[in-house]
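Structural overview
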Amino acid sequence: MKPAKIELLRRHGTKCMLCGKDVGKHIQWHHLVPRYAGGLDTYENGSLLCSNCHLEVHEFMYGDEEYTNFTQRILANKK
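Residues numbered from 1 in each chain as written. Predicted model: local features only at pLDDT ≥ 70, side-chain atom pairs only at ≥ 80, totals over all residues. Heavy atoms only, no water.

Here the focus is the overall build of the protein. Summing up its helical and strand segments, the protein has three helices and two strands in all. Listing each helix as α and each strand as β along the protein from the N terminus yields α-β-β-α-α. For the protein, whose C-alpha radius of gyration is 11 Å, the value lies close to the compact-globule estimate of 12 Å for 79 residues. C-alpha extents for the protein along the principal axes are approximately 30 × 25 × 20 Å. Each of the 79 residues in the protein was classed as buried or not, and the buried ones make up 37%. Total accessible area computed for the protein in this model is approximately 5000 Å², and 53% of it derives from carbon and sulfur atoms. Computed over 11 positive and 9 negative side-chain charges, the separation of the two mean positions in the protein equals 10 Å. (Helix = DSSP H or I, 4+ residues; strand = E, 2+ residues; numbered from the N terminus. Rg over C-alpha atoms; globule rule 2.2 N^0.38 Å. Buried < 20%, exposed > 50% of the residue type's maximum accessible area, 1.4 Å probe, protein only. Areas by Shrake-Rupley, 256 points an atom, 1.4 Å probe, with all protein chains shown as cover. Lys, Arg positive; Asp, Glu negative; His and termini not counted. Charge placed at Lys NZ, Arg CZ, Asp CG, Glu CD.)

Bringing the packing of aromatic side chains into the picture now. Scanning all chains against the criterion turns up two aromatic pairs. Taking 5.9 Å as the distance between ring centres and 40° as the angle between the ring planes, the aromatic pair formed by Phe-60 and Phe-70 counts as tilted. Residue Phe-60 is found in the loop between α2 (51–57) and α3 (65–78), and its partner Phe-70 is found in helix α3; the two are separated by ten residues along the sequence. Residue classification places Phe-60 among the partly exposed residues on the basis of a relative accessible area of 26%. The aromatic ring of Tyr-43 is capped on one face by Lys-78, whose charged end is 4.5 Å from the ring centroid. (Phe/Tyr/Trp six-rings, centres within 6.5 Å; stacked < 30°, edge-to-face > 60°. Lys NZ or Arg CZ within 6 Å of the ring centre and 35° of its normal.)

Among the surface-exposed residues, Tyr-36, Met-61 and Tyr-62 lie close enough to one another that they form a single nonpolar patch of about 370 Å² accessible area. Within the secondary structure, Tyr-62 sits in the loop between α2 and α3. (Patch = residues over 30% accessible without salt bridge, like charges linked within 9 Å, V, L, I, M, F, W, Y side chains within 5 Å. Salt bridge = Lys/Arg side-chain N within 4 Å of Asp/Glu carboxyl O.)

This brings us to the nonpolar core. Grouped together as the largest cluster of nonpolar side chains are 18 residues, with contacts concentrated most on Leu-8, Cys-16, Leu-18, Leu-49, Cys-53, Val-57 and Ile-74. Where this core is concerned, the elements lending two or more residues are α1 (3–12), β2 (46–49), α2 and α3. For this core, the element with the most residues is α3, which contributes three residues. (Core = buried A, V, L, I, M, F, W, Y, C linked by side-chain atoms within 4.5 Å.)

Another aspect to go through is the pairing of β2. Burial along β2 is two-sided: Gly-46 and Leu-48 facing one way and Ser-47 and Leu-49 facing the other are all buried. Note that strand β1 (residues 28–31) and β2 share four bridges and pair antiparallel. From the neighbouring strand, Trp-29 faces β2, where its bridge partner is Leu-48. (Pairing = 2+ DSSP bridges.)

This is how it looks when you write it as structure tokens:
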């Protein structure tokens, strides 16, 4: 498991950083800045999402207003 994911799990548990649902071991890693856009596997660039929220976020392209809104919500819940 990625060290950044371990740190996210330690700090935030297995709750989705968008909807707040606790999905246990089914939590999914999400890059705030996608790897294709230069995003790294770091704590700062990572988030944990349930499968439903993860699919919803990926309906939009990185840089789109909707994607940016999701990222802002995730970061607000990450604090």
